[in-house]
Amino acid sequence: MRSKVLAAIAAATLALPAPTVSAQGRDRPVSYSDTFAIGANGLCEAQILPPQPGAGLFDRGYTIVCRDAAAPVGTLWVLRNAEPSEAAARFLPTAACAQGGGAAVPDALAGSANFSCTDEDVGTRRVLVAGELGGKLYAGEAIAAYADAVRLGLATLVADHPVQGDVAIPLTETGDAAAFARAQARALATDAVIAEAYRRSNSGDFAEAAEFFAETAASGEGANAIEARLNAALLQSNLGNYAEAARGFSSVRGQVAGDPVLARMLRNYEAIDALNAGAPQTTLDILERPLPAGAGSRDALAGLEITDALAARLSAEQASALDSIGGLTPLERADLLDGQTEYLKATALRLLGRRTEAESHLAAADSTLAGVRNGTVRSILWLRAQVLGELADLAERKRDVATAEAYHAQAIGLLAANYPDSPALLSSKAQLAGFLARNGRKGEALATYRDLVEKAEGKPAPALRRLLVPYFDLLGEAGLAEDEAAGDMFLASQLLQRPGLAQTQAVLARELSGGSDEASQLFRKAVNIGRSVEQVRNRIALLEGQSAGDSLAAERLAAQRATLEKLEAEQLSIQNRLGEYPRFRAVSDGRVTLGELQEILKPGEGYLKLATLDGATFAIFATPDMARAYRVGIDPNALEAEVDALRATIAYVENGETLTFPFDIEKSRALYKALLDPVDAEVKALRHLVFEPDGAMLRLPANLLVTDDDSVERYVERIARNGDEYDFTGTSWLGRTVNVTTTVSPSAFRDVRRAPGSEAAREYIGFGENTPLRADRGTLGTRSALAGGEDCLWAPAVWDYPIKADELYTAARSLGATATDERIVTGDTFTDTAVLGMKDLDQYRILHFATHGLVTAPQPECPPRPALLTSFGGDQSDGLLSFAEIFDLKIDADLVILSACDTAGAATLGATREAGVTGGGFALDGLVRAFVGAGGRTVVASHWPVPDDYDATNRLIDGFFAAGEGVELAEAMRLSQARLMDSKETSHPFYWSAFAIVGDGGAPLRK
């Protein structure tokens, strides 16, 4: 079992908390916190403001930050010696206010007043409410669309504890939890950001905490910035991004020597990273390394000796050089980190089976950590819960069941009191449920698992990928009806992280929900300006690192900040207008029940959902009238190896050349049996399979799986008779008889199936055959790129192998386009600048690109940025239609065809940030996601370099478009692929299997 150990020690305790500590966590007044949630649906938060000039000692101000809003939407105040009648002049001095029409005022407030105001600067309508209680003025103001946040925020301040209720605000749902956290971090007072970062990290909200630490790293100085970068690296490890974590640790390694706290932190964090990666022995090796000279001196810490590192901080005139974090002294922090070291050793030893040694290290951890302020430091209680989990595991292995259960209960109580509704609490409950299941208490285990799935409310929880295995196994053993077990597993599996494409499809469906009315156009504008805000913020972050000694960079930075200020104001104005439409004030539930899915499926359709957990793979299969869940006969690591091996026999790129080997038909057959054997008969009876892959299967089309043993035997016999090892004619591929669609989540499939079709007036537009820079050199054999050039730029020769436009013209004619409808963009007219400048792209129902796909990187050390190759078009052109630029297109397409290389691949975090979007990193998150973001409902994309040899791709696309009236997309693709399967020269899956239909293959090809 891998251990996801949380972020750094801001403060800690390991001793069992006294009842008063738990009570403090549960009943902690809002007035003691720098932040508090507004309402119960997690859409708005109040964050304390720095003391204002002239403010009294007990005055408090909070900024209101809400999801999908780029800037704060309002403020809340608690003041002494102020009158409600003064509120308008005091809080909105530049606005024109009239009494009445504002938000509701809490009943407890006396002398209350509410106002409707117009901001003179931008013309935005705002609300303002104020009232008195106990000699204090409670006031709040916000943009009118966020009146609910003012009402509930004030009620919370008056009650001094969280007040239940939902906040209804305008939402695009373009931002995930991490994006919301990024906005919160920018709005929070600088000295409170790192404390909030630790709080979120300790509660298990790793992606959100990473944004807070990134903000601290950007705005902090000296050791504070280093500490933030260390934590950001650890959080990347906790999220499974190990390469990113390694880069983060490496970037600070030379800066921590001599600092006793930071040196310990780096040692522990690298040990945690090794644990996360499943290397407990490496963890022990790291923890046994001696600290750098001077860093281990407790005497220096106790006596506040001015070490070289501290002297450097003082010489830089950093006011915080002698400060402590959370009130702890450096010596206390070092002790806590040493206690964490003992805990990590215990975890690694337990994983290595050395349990007696593990117990002794847990005892040492307990003694060390409990010695800091008598174990009463509140903010490290998450670590106590983790230790209790370790103790529970050891007790269970000794068959001391009662003690183990007590430890689990204590851990849950600790987290419930201090981190309610957190991922850490969900993980602790999952550990208890697993314990109950292992000890024969299946009913209690099922109830506990179902409760935590319900409490998660569909929000992805990365740690559950490890902890749900016992639940899924239990569902198959508990004697439940097949459909009940499948329904439970189906809901729980939606808590696993999914590709960013799913979020983008949800945003598109939200936009299309009202057709092309004014509200939908406003929604689109809100989405685009939100992306623009993120893009400018990213540019600012880059310039901030360059502006110190560069006057030109400083000038550009000032210009970008001015642009950001204007964009934020414009976005808030649009959000205010969007709030007038009720359908954009509601949040759609991201979860889909199995029953809801079955209602969406048509007769003859089936849905197969894979879920790869830590150590086990599960599947849920459903048709309109049956459902079944089962454990797949291959674990995720083995699945990864098998997919890699299978793909290597299809297409292997070496020195820019694509090589193809005899397809491993035996592996393909074994993979089909491992994945589908329990539902073999049901799958073969389908007309259309909707496949939701996970893990390695995101990178492999399901249509090339072999459905019978006879195909393998015939191939082996033919080879034994010196037959052609590249001849696979007669093979029973899954894609020969069953139409296959790929989707990334149940909600994504639901949304695209329900979305209204394109209203474009014209049928088809095709792009391809770029103008070469030098002589046209013919063909590369595939639609991929040559090896890269220097300085992360593509070599000019990449443009000298244009893809001929034959398939574009044939496709247009197959669709029956008239001379006036047909539009083929090639040569000098097919430039990136020309495509970006087209104002009528949304007038075409089908967009078709036949060109080279550039989805890797020019050099291994360069960041890959997915793009389609075009001609060059002037000074502003780079001959590439990039991921970010595609997102900027405005299309209204039922179908986008990417007849290029590897277009089903991923995009890096950098590429998504450049586009102003969040999430990503999975297969299908690259060009597919970009075209969905631009307005494409269904995308046809390729899993490897598609071939031009034997005219294979041209023939495949021609056959696809030749389908008759009423033929569904997936059926049109299957029929065309079958023609290539039946031709000896193109029967290898390399030639016919690459393309996947992502979206809804049940939609008709022709309108």
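Notes on the structure follow. This structure is a prediction, so every number in the text was calculated from the model and none was measured.

Side note on the overall build of the chain
- Summing up its helical and strand segments, the chain has 39 helices and 24 strands in all.
- For the chain, the proportion of its 1007 residues judged to be buried stands at 57%.
- The contacts in the chain between residues at least 6 apart in sequence include a share of 73% that link residues at least 24 apart.
- For the chain, the exposed surface amounts to about 38500 Å²; the carbon and sulfur share of it is 50%.

So, the packing of helix H14 (residues 355–370) against helix H15 (residues 381–397)
- Close contact between H14 and H15 brings their axes to 11 Å; oriented N to C, the two are set at 150°. By the angle between their axes, H14 is roughly antiparallel relative to H15. As for the relative orientation of H14 and H15, their crossing is left-handed in sense. Where H14 abuts H15, its residues Arg 355, Glu 359, Leu 362, Asp 366 and Leu 369 lie against Leu 383, Arg 384, Val 387, Glu 390, Leu 391, Leu 394 and Arg 397.
- In terms of residue class, the contact of H14 with H15 is built from six nonpolar, no polar and six charged.

As for the sheet that holds strand S20 (residues 867–869)
- Across the sheet, three strands lie side by side as S19-S20-S21; this open sheet has antiparallel pairing. Every interior strand has two partners, whereas the edge strands, strand S19 (853–854) and strand S21 (880–882), have only one.
- Bridge count between S19 and S20: two bridges; the pairing is antiparallel. In the sheet register, Gly 853 faces S20, and the bridge partner there is Leu 868.

Some words on the environment of Cys 44
- For Cys 44, the location among the structural elements is in strand S2 (residues 44–48).
- What makes Cys 44 buried here is its relative accessible area of 2%.

Topic: the state of the cysteines
- For the structure on display, the rule yields two disulfides.
- Residue pairing for Cys 97: its cysteine sulfur links by disulfide to Cys 117, the two sulfurs lying 2.1 Å apart. As the torsion about the S-S bond is roughly 110°, the Cys 97-Cys 117 disulfide counts as right-handed. Of this pair, Cys 97 sits in strand S5 (residues 95–99) while Cys 117 sits in strand S6 (residues 110–119), placing them 20 residues apart in sequence.
- Note on Cys 117: relative accessible area 1%, which makes it buried.

Description of the pairing of strand S4 (residues 74–80)
- Among the seven residues that make up S4, six are buried, leaving the element largely enclosed by the rest of the structure.
- Summarising the sheet, S4 and strand S8 (residues 136–143) pair through seven bridges and their orientation is antiparallel. Bridging from a neighbouring strand, Leu 79 pairs with Leu 137 of S8.

Parameters at a glance
- Residues numbered from 1 in each chain as written.
- Predicted model: local features only at pLDDT ≥ 70, side-chain atom pairs only at ≥ 80, totals over all residues.
- Heavy atoms only, no water.
- Helix = DSSP H or I, 4+ residues; strand = E, 2+ residues; numbered from the N terminus.
- Buried < 20%, exposed > 50% of the residue type's maximum accessible area, 1.4 Å probe, protein only.
- Contact = heavy atoms within 4.5 Å.
- Areas by Shrake-Rupley, 256 points an atom, 1.4 Å probe, with all protein chains shown as cover.
- Axes fitted to C-alpha atoms, helices over the stretch in contact; angles between N-to-C directions.
- Parallel < 35°, antiparallel > 145°, perpendicular 65-115°, else oblique.
- Left-handed = near helix turned anticlockwise from the far one by under 90°.
- Nonpolar A, V, L, I, M, F, W, Y, C, P; charged D, E, K, R; others polar.
- Pairing = 2+ DSSP bridges.
- Disulfide = S-S within 2.5 Å.

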